[in-house]
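This is what each chain is made of:
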Amino acid sequence: MPKLMILDLSSNQNLTKLPEEVSNLVSLRYLDLSGTSLENLPVGLGKLIQLRYFALTGVRTLQSLSVISSLVNIEMLLLDDTTLLSLELIEDIKLLKRMKGLGVTINDVVVLERLFSIPELARCIENISLDGVVAKDGPLQLEKAMGSLRFICIERCIMSDIMEHRRYGRRSTCFENLVFVNFYEVSGVQDLSWLLFAPNLAFLRVKGPSPELQEIVSREKVSGILNEGSSIVPFRELRSIILLNLEELKSIYWERLELPSLKNMNVAYCPELKRLPLSKERAYNFDLHEYGEEWFGGLEWEDEATEE
């Protein structure tokens, strides 16, 4: 099939091997192998120089990705939740000069810093998963990839922050394209105030234990930029927020928010959280009392009339 341009083999979990004859698909521009069980990529894959989109998301069985360096016209490369990004793999990806979108999984802060040190790659990162990264010397500085990021997953990491606090006052939006944030079992982080700079954030999931996390947005950190002239409307596009097993969480936001797009809210096992940034009536619409009648009954509400 020399004229075939699109091949989607994703989610075929029993697919463990591709034939070398894949090299005959000389017109192929789109190849999705996500969710398969491939162990190796055939050498012949490197001959598909017309390929623009190549997805390997969730293929954890791969032993090597060296063939990628031959795909010189790749524009979108999705490797998140696949082989962990290494310094060697970064050098291979750096050869792909037409790259516009990149998805990666990283477990080493040295690899992360190297990736961010290459501007032409940093500005391409759309999906980034950090698993077990230990960064004790300062914020991760994800804002270096702020323009392109759409999905962030941070899991089982130790860090102080995501974004440098001193950059807060420099702009009203940083993570303009960010839509999904998953934050699991992260130690060292006290708040997620940087989320205010993601105006299109739609899905937020924070799951503990995260023993130092006390606030989602810190009033102390952001009050200086939320003045009368600020264009920031907190969480205006947020559709779903899930907060689970956060034993030290005390505040989501210090005052009521409009949250015009919110469709789903799940708060469970957050015993220190005494106030929500919405009315009690709206909280009932999300069935929050079902996750803990005693906790819900002890919440404080700004508008006592609404409570009645």
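All of these numbers come straight from a predicted model, not from anything done at the bench.

Rules used in this analysis
Residues numbered from 1 in each chain as written. Predicted model: local features only at pLDDT ≥ 70, side-chain atom pairs only at ≥ 80, totals over all residues. Heavy atoms only, no water. Core = buried A, V, L, I, M, F, W, Y, C linked by side-chain atoms within 4.5 Å. Buried < 20%, exposed > 50% of the residue type's maximum accessible area, 1.4 Å probe, protein only. Helix = DSSP H or I, 4+ residues; strand = E, 2+ residues; numbered from the N terminus. Contact = heavy atoms within 4.5 Å. Disulfide = S-S within 2.5 Å. Phe/Tyr/Trp six-rings, centres within 6.5 Å; stacked < 30°, edge-to-face > 60°.

Undergrad: Explain the nonpolar core to me, using residue names and the numbers behind them.
TA: Nonpolar side chains tend toward joint burial in soluble globular proteins. Judged by nonpolar contacts, the single largest core of 100 residues is most densely connected at Phe54 and Leu276. In terms of residue count, helix α2 (residues 109–116) provides more of this core than any other element does, four residues in total. Those residues in contact with Phe54, other than ones at most four positions away along the chain, are Leu31, Leu33, Leu41, Leu45, Ile68, Leu71, Ile74, Met76, Leu77 and Leu78.

Undergrad: Give a detailed account of unusual backbone geometry, specifying residues and quantitative values.
TA: Backbone torsion omega between Gly208 and Pro209 reads 5°, so that peptide bond is classified as cis. You can see Pro209 is positioned in the loop between β11 (203–207) and α4 (219–222). One non-glycine residue, Glu185, adopts positive backbone phi at about 50°. One non-glycine residue, Asn245, lies in positive phi territory at about 55°. Along the chain, Asn245 falls in the loop between β12 (240–244) and β13 (264–268). Residue classification places Asn245 among the partly exposed residues on the basis of a relative accessible area of 27%.

Undergrad: Which residues make up the state of the cysteines, and what values go with them?
TA: Joining two cysteines, a disulfide is a covalent bond between their sulfur atoms. According to the stated counting rule, one finds zero disulfides in the structure shown. Distance from the sulfur of Cys157, which forms no disulfide, to the nearest cysteine sulfur (Cys153) is 8.5 Å. Exposure remark for Cys157: the relative accessible area of 1% places this residue in the buried category.

Undergrad: If you had to explain the packing of aromatic side chains to someone new, which residues and values would you point to?
TA: As enumerated under the stated definition, the model contains eight aromatic pairs in all. Ring centres of Phe175 and Trp194 lie 5.3 Å apart, and the angle between their planes is 70°; on these two criteria the pair is classed as edge-to-face. One end of the pair, Phe175, is in the loop between β9 (158–159) and β10 (180–184); the other, Trp194, is in the loop between β10 and β11, with 19 residues separating them in the sequence. Under the relative-accessibility criterion, Trp194 is labelled buried at 1%. Residues Phe180 and Phe203 carry aromatic rings whose centres are separated by 4.9 Å and whose planes lie at 5° to one another, so their mutual orientation is stacked.

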